[in-house]
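Here's the letter readout for the chains.
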Amino acid sequence: MMLIRLSLYTAIISLIVIPFQHTEAQSTPDIEIISTISPLEINIGDVFYLEVLVRHSNAVAISTNLAMISGIELVGSPNEGFDNPSDNSNITSIIYELQVFDFDLPQQLEIEVLWVTEDGQTGLVSNFVDLPTVIRLVTDASTTVRDLKPQQITSDDYDSTFSYQLFLGLVIILLFFLALTLYFRRNNLLELAQNDSEDTARLQLAELHSFNLDEVTDLQEFYSSLSGVIRLYLLNRFSLDALTYTSSELNKLMVENGIERWQARLVGELLKRCDLAIYAHIYPDPDSANSDLTLAYEIVEFARER
């Protein structure tokens, strides 16, 4: 009977002591949390830094977690560091970079520190830190949008517009005079080139006065030179390949290129008489030869630009 009572009392005492032993085993280890915010005042869109320092024993491992709220976002990954100031304690540091997107933020941010011991026991410790103040650049009194004043043209704007128009007008006038100068210069160059052709032909004809038209030998060379001068003149003046065509072919070619028919006929008749003297050795009298030289002068002068 006594043995039964003793066993009963032992069981009751065990039931009372075991819960207290379990509670003793689940007691929170010695953990110290220090949280700081910088800067304390920011603008919307700026970032601020939260540094969390956790002092704990070597037998405890910790990790941190932020109870994030709307209007705050984490930028990148936290920067963690460790320090061992003594043989039985560690300091874990975590730096968060946070960005604000809302004016209406709560006053504090909750920091959760999760811990675990070597024998597998876990727990959680919370800490609160004051959030920075978000500065409003626009106050309530300045939110009303005022009407814009009508645009006014100042004297400086008018002078600037007038100067631009004047400059543009001068440029147009200069371009006009430049184009006009180039036009007249081109015409003058063409006229000089044409006059050079006539003057050159006249100088070559003047050299033919040295021939003795009473001599057959001189007549042969005279008409050969006369034909060469006329044909070379037609090449330089009218761009006609007169050196490769016969007299009849050249007569038709001159008309096709805009030379008046009577002028082409004069040239054709003169070149025929030259061909008769050169190839058939049929020579006119000296007076007729002298008339042919005069006709060559007239052909050159008729074609000169006036």
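Residues numbered from 1 in each chain as written. Predicted model: local features only at pLDDT ≥ 70, side-chain atom pairs only at ≥ 80, totals over all residues. Heavy atoms only, no water.

Residues Leu166, Leu170, Ile173, Phe176, Phe177, Leu180, Tyr183 and Phe184 make up a contiguous nonpolar surface patch of about 810 Å² in total accessible area. Relative to the helices and strands, Phe184 resides in helix 2 (residues 155–206). (Patch = residues over 30% accessible without salt bridge, like charges linked within 9 Å, V, L, I, M, F, W, Y side chains within 5 Å. Areas by Shrake-Rupley, 256 points an atom, 1.4 Å probe, with all protein chains shown as cover. Salt bridge = Lys/Arg side-chain N within 4 Å of Asp/Glu carboxyl O. Helix = DSSP H or I, 4+ residues; strand = E, 2+ residues; numbered from the N terminus.)

Below, the discussion takes up the packing of helix 3 (residues 216–238) against helix 5 (residues 261–280). Helix-helix packing: each pair is described by the crossing angle between the helix axes and the interaxial distance. Orientation of helix 3 relative to helix 5, taken along the N-to-C sense of each, is 145 degrees, at an axis distance of 9 Å. When you trace helix 3 past helix 5, the crossing you get is left-handed. Counted together, Gln220, Tyr223, Ser224, Leu226, Ser227, Ile230, Arg231 and Leu234 of helix 3 and Val267, Leu270, Leu271, Arg273, Cys274, Asp275, Ala277 and Ile278 of helix 5 form the full contact between these two elements. Grouping the amino acids of the contact of helix 3 with helix 5 by side-chain chemistry returns 10 nonpolar, 3 polar and 3 charged. (Axes fitted to C-alpha atoms, helices over the stretch in contact; angles between N-to-C directions. Left-handed = near helix turned anticlockwise from the far one by under 90°. Contact = heavy atoms within 4.5 Å. Nonpolar A, V, L, I, M, F, W, Y, C, P; charged D, E, K, R; others polar.)

Moving on, we come to the nonpolar core. Counting 33 residues, the largest nonpolar core has Leu205, Phe222, Tyr223, Leu226, Leu234 and Met254 as the members making the most contacts within it. Of all the secondary structure elements, the ones that give two or more residues to this core are helix 2, helix 3, helix 4 (247–256), helix 5 and helix 6 (286–303). Excluding anything up to four places from it in sequence, Tyr223 contacts Arg273, Cys274, Ala277, Ile278, Pro284, Ser288, Ala289 and Asp292. Counting 25 residues, the second-largest nonpolar core is a separate cluster that includes Ile37, Ile94, Tyr96 and Val113. (Core = buried A, V, L, I, M, F, W, Y, C linked by side-chain atoms within 4.5 Å. Buried < 20%, exposed > 50% of the residue type's maximum accessible area, 1.4 Å probe, protein only.)

A cis amide bond links Ser38 with the next residue in sequence, Pro39, at an omega value of -10 degrees. When you line up the elements, Pro39 lands in the loop between strand 1 (32–38) and strand 2 (41–43). Phi is positive for Ser239, close to 55 degrees, though the residue is something other than glycine. Along the chain, Ser239 turns up in the loop between helix 3 and helix 4. Overall, Ser239 belongs to the exposed group, its relative accessible area being 63%.

So, about the pattern of salt bridges. Across all of its chains, the model carries 4 salt bridges by this definition. A salt bridge links Arg55 to Glu32; the shortest N-O distance between them is 3.5 Å. Note that Arg55 is positioned in strand 3 (residues 47–57) and Glu32 in strand 1, a separation of 23 residues in sequence. Residues Arg237 and Glu198 are paired through a salt bridge, measuring 3.0 Å at the closest nitrogen-oxygen approach.

Before going further, it helps to examine the packing of aromatic side chains. Counted by the stated rule, this structure contains 4 aromatic pairs. Consider the rings of Phe211 and Phe222, whose centres lie 6.3 Å apart with planes at 75 degrees: the pair is edge-to-face. Of this pair, Phe211 sits in the loop between helix 2 and helix 3 while Phe222 is found in helix 3, placing the two residues 11 residues apart along the sequence. Neither residue differs from the other here; Phe211 and Phe222 are each classed as buried. Measuring from centroid to centroid gives 6.3 Å for Tyr233 and Phe238, while their planes differ by 85 degrees, and the two rings are edge-to-face. Overall, the relative accessible area of 26% leaves Phe238 in the partly exposed class. Among the aromatic side chains, those forming a connected cluster through ring pairs are Phe211, Phe222 and Tyr223. Across from the ring centre of Phe238, 4.8 Å away, lies the NZ or CZ of Arg237, which sits over that ring. (Phe/Tyr/Trp six-rings, centres within 6.5 Å; stacked < 30°, edge-to-face > 60°. Lys NZ or Arg CZ within 6 Å of the ring centre and 35° of its normal.)

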